[in-house]
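# Report on the structure
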Amino acid sequence: MLDIKFIRENPDVIRKACEVKRIKSDLDRLLAVDQRRREIQQESDGIRNQSNELSGQIAHYKNPKSKLYQQMLEKGSTPEQLKAEGDRLAAESAALKQRLKDLEVENQAVGEEFKALMLTVPQVPSDKTPVGTSDADNKEVRRHGEPRKFDFEPLDHVELGKRLGIIDTERGVKIAGTRNYLLRGAGSLLHQAVLRLAMDTITARGFEPVTVPVLVRDEMMYGTGYYPGGEEQAYRCERDAKSLVGTAEVPLTAMYADEIIDESLLPMKFAAVSTCFRREAGAAGKDTHGIYRIHLFDKVEQVILCRADDAESERHHHEIIANAEAVLQALELPYRVLAVCTADMGQGKVEMYDIETWMPSRKGYGETHSASRFGDFQARRLNLRYKDGRTKSNIFCHTLNNTVIASPRILIPLLELNQNADGSVTVPKALRGYMNGLERIEAKA
RNA sequence: GGAGAGGUGGCUGAGUGGCUGAAAGCGACGGUUUGCUAAAUCGUUGUACGGGUAACACUGUACCGGGGGUUCGAAUCCCCCCCUCUCCGCCA
């Protein structure tokens, strides 16, 4: 959500943002509704003002405890006279109310339309964001590491996982339907190890570890920008008006919703490992092979809440990308960083980078991380503010987030790149400490 | 899930229909005074939206968990919801 004042004063900036982000938002309608909304407020406030004044007078005639009532009695008025005058004023005040009722009814409708329209206005992308029309226009920023050249025919993670007995998709599907899986034995250990490595890395870098709810109120889905629009992608529990989150970004970012944070506490940095639930609606037939696109996975997510300062949030953006890179480097995985273009970045984001890791079976880089910077877009929706030390005013925070690691997707490159000719998989050094020192995953005899 | 109690400003806590945007205390901020960190004293001290201004000032409205209702008038009365606490039940 943006500031309506900003929208009012810079409609062309918003129009441009809609265009480059390929987002439809009826700006003309919004401005008209905003206009009407303010007219209604002015008129109703005026009526309430009159009515409040009348009520103040009525009190004197109808409330025997009031000083003026006593004075008027002393001056010779009879209680009957006072009551009559009070009734006359009350009738006058009641007459005012009809117009107010009408206005309130209209205001209800106008207010709802205003809110709905406001939720569709896109955040303005940064100058640094490449303008594009699809993900094909995302710009590679840098690469790290070399994709491995095999001197034997490498297996893909599905085949590897099956032979090693560590990934069981058949039984996963039997139990839970398509896009489900089981990790077993060393596969389960590997999954946990990756998460632990990520968690240890991120907390060593000053992020507070948090254990979060993954079934959250719908408000938090709206607040973080997943709703409206993303309802189809989430598992929603209708009875409870709650949704299963697709990422710990939601609870972490919403943690301080409706609060005013002391500026001295910023930036706040959080990390959480959580299960992530995704319906993957509309992705039927896409990435069906293996454990790339699945309904349920675990992810370590990092979130920063900081002051409303573009330079500062940009710095943090680079920081959270570096954090993710550190984990990939520890895992010795080759990856590249992409600047995501306007058409591919989503409504709320100012700037966004993806990290893609080399996956031999895909013969290319596959997305493993996504780092977003929102400005105050989420904070406005969440009513997440801090008190500015100098001006003493309450200001919406800036929010940012990035993956630290998501598993089992990261197991795809991990298994495929570390496989040996005999079908075993070498465990990266950084993970061995989390796996009872296991160096190689081998098929059971 | 059942029974009960409760949700008031940064905090504690008064207030059961008008003179209450809200006592009192604490805290915070500013001034004065005595004077090395303390005390005394005076004052200021909520948020949102609208109008207004170059910006202040100023001004209107709303807000006592949220939403509706009664009334000329609601923190106060009525209804629904949310949340917290206590007890019982169930349970990883």
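Position labels on residues start from 1 in each chain and follow its written sequence. All chains are assigned letters beginning with A, and all ligands numbers beginning with 1, in the order in which they are written. Totals for whole chains, interfaces and linings use every residue, but because this is a predicted model, local features are given only for residues with pLDDT of at least 70 and side-chain atom pairs only at 80 or more, for both listing and counting. By convention in this description, side-chain values take in all heavy atoms of the structure and omit both hydrogens and water.

Let's shift gears to the side chain of His-369. In this text, helices come from DSSP runs of H or I with a minimum length of four residues, and strands from runs of E with a minimum of two, each type numbered from the N-terminal end. Within the fold, His-369 resides in strand β13 (residues 364-373). A distance of 2.9 Å separates a polar side-chain atom of His-369 from the backbone oxygen of Val-404. The residues contacting His-369, other than those within four sequence positions of it, are Ala-324, Leu-328, Tyr-353, Asp-354, Ile-355, Asn-402, Thr-403, Val-404 and Ile-405. Polar contact criterion, stated in full: a pair of N or O atoms within 3.5 Å, where within protein one must be able to donate a hydrogen and the other to accept it, and residues adjacent in sequence count only if both atoms are side-chain atoms. The contact definition used throughout considers only heavy atoms, calling two residues in contact when any of these lie within 4.5 Å.

By the convention used here, strands pair only if DSSP detects at least 2 bridges between them. If you walk across this open sheet you meet the eight strands as β1-β11-β12-β13-β16-β10-β9-β4, and the pairing is mixed. Looking at the sheet topology across the chains shown, the edges are occupied by β1 (139-144) and β4 (208-209). In terms of strand pairing, β13 meets strand β16 (residues 398-407) through three bridges, oriented antiparallel. The partner of Ser-372 across the bridge, within β16, is Asn-401. Lines fitted to C-alpha atoms define the axes, with helix axes restricted to the stretch in contact, and inter-axis angles between N-to-C directions lie between 0 and 180 degrees. Packed on one face of the sheet, helix α11 (residues 310-330) meets β1, β9 (268-277), β10 (296-306), β11 (335-339), β12 (351-359), β13 and β16 and runs near 5° to β16.

Bringing the packing of aromatic side chains into the picture now. Put simply, two rings from Phe, Tyr or Trp (the six-membered ring, in Trp's case) pair if the centres are within 6.5 Å, and we call them stacked under 30 degrees between planes, edge-to-face over 60, tilted for the rest. In the structure shown here, the tally under the stated rule is four aromatic pairs. On the basis of an interplanar angle of 80° and a centroid distance of 5.4 Å, the ring pair of Tyr-222 and Tyr-227 is categorised as edge-to-face. Burial classification: accessible surface area is computed with a 1.4 Å probe over protein chains only, and a residue below 20% of its type maximum counts as buried, one above 50% as exposed, and the rest as partly exposed. Classification of Tyr-222 by relative accessible area gives partly exposed; the value is 34%. Between Trp-358 and Tyr-365 the ring centres are 5.1 Å apart and the planes differ by 80°, which places this aromatic pair in the edge-to-face class. Under the relative-accessibility criterion, Tyr-365 is labelled buried at 14%. Charge over a ring is defined by NZ of Lys or CZ of Arg lying within 6 Å of the ring centre and within 35 degrees of the ring normal. Looking at Arg-37, its charged tip hangs above the ring of Phe-114, at a distance of 4.0 Å from the centre. The ring of Tyr-292 has Arg-362 lying over it, and the distance from NZ or CZ to the ring centre is 3.6 Å.

Now for unusual backbone geometry. With an omega dihedral of -5°, the bond running from Leu-266 to Pro-267 counts as a cis peptide bond. Its place among the elements puts Pro-267 in the loop between β8 (260-262) and β9. The amide bond that connects Ser-407 to the next residue, Pro-408, takes the cis arrangement and shows omega of 20°. Position of Pro-408 relative to the elements: it lies in the loop between β16 and α13 (411-417). If you check the backbone angles, Asn-383 has positive phi at about 55° while not being a glycine. Here Asn-383 is to be found in the loop between α12 (377-382) and β14 (385-387). The phi dihedral of Asn-436 is positive, around 55°, even though this residue is not glycine. Considering the arrangement of structural elements, one finds Asn-436 in the loop between α14 (429-432) and β18 (440-441). With relative accessibility at 76%, the residue Asn-436 sits in the exposed group.

Judged by how many residues are buried, β9 sits mostly within the fold: eight of 10 residues are covered. In the sheet, β4 pairs with β9 via two bridges, with the strands oriented parallel. Across the sheet, Glu-208 pairs through a bridge with Phe-270, a residue of β9. Bridge count for β9 against β10 is 10 bridges, and the pairing is antiparallel. Bridge pairing in β10 links Ala-272 to Glu-301.

Viewed as axis vectors pointing N to C, helix α3 (residues 27-62) and helix α5 (residues 79-118) meet at an angle of 160°, and their least axial separation amounts to 8 Å. Comparing the axis directions of α3 and α5 gives the class roughly antiparallel. Crossing handedness for the pair α3 and α5: left-handed. Roughly parallel here means an angle under 35 degrees, roughly antiparallel means over 145, roughly perpendicular means 65 to 115, and every remaining angle is called oblique. What makes a crossing left-handed is the near helix being turned counterclockwise from the far one by less than a right angle; a clockwise turn instead makes it right-handed.

We now examine the protein's contact with RNA strand B. Gln-41, Asp-45, Asn-49, Ser-93 and Lys-97 are the nearest of the 25 residues found near RNA strand B. For RNA strand B, the backbone makes up 69% of the atoms found within 4 Å of the protein, where backbone means sugar plus phosphate. Note that a phosphate oxygen of RNA strand B is positioned 2.7 Å from one of the side-chain N or O atoms of Asn-49. At a separation of 2.7 Å, a phosphate oxygen of RNA strand B approaches a polar side-chain atom of Lys-97. Among the secondary structure elements, those contributing two or more residues to the surface near RNA strand B are α1 (4-9), α3, α5 and β14. When residues in the surface near RNA strand B are grouped by element, the largest group, 12 residues, is from α3. Counted by class, the surface near RNA strand B contains four nonpolar, nine polar and 12 charged residues. Whether a residue is near a molecule or strand depends on its heavy atoms: if one lies within 4 Å, it is near. Three categories are distinguished: nonpolar for Ala, Val, Leu, Ile, Met, Phe, Trp, Tyr, Cys and Pro, charged for Asp, Glu, Lys and Arg, and polar for the others, with Gly belonging to the last.

What follows covers the sheet that holds β8. Strands belonging to one sheet form pairs held by backbone hydrogen bonds; the direction of such a pair is parallel or antiparallel. What the three strands build is an open sheet, ordered β8-β14-β15; its pairing is mixed. Looking at the sheet topology across the chains shown, the edges are occupied by β8 and β15 (394-396). Recorded for the sheet is a direction-independent mean angle of 40° between the axes of neighbouring strands. One ladder, built from three bridges, connects β14 with β15; its direction is antiparallel.

At their nearest, the axes of helix α8 (residues 186-204) and α11 sit 10 Å apart, and the two run at 135° to each other. Considered as vectors, α8 and α11 are oriented oblique to each other. Of the two possible hands of crossing, α8 and α11 adopt the one that is right-handed. Residues Leu-197, Ala-198, Thr-201 and Ile-202 of α8 pack against Asn-323, Val-327 and Ala-330 of α11. Of the residues that constitute the contact of α8 with α11, the class distribution is five nonpolar, two polar and no charged.

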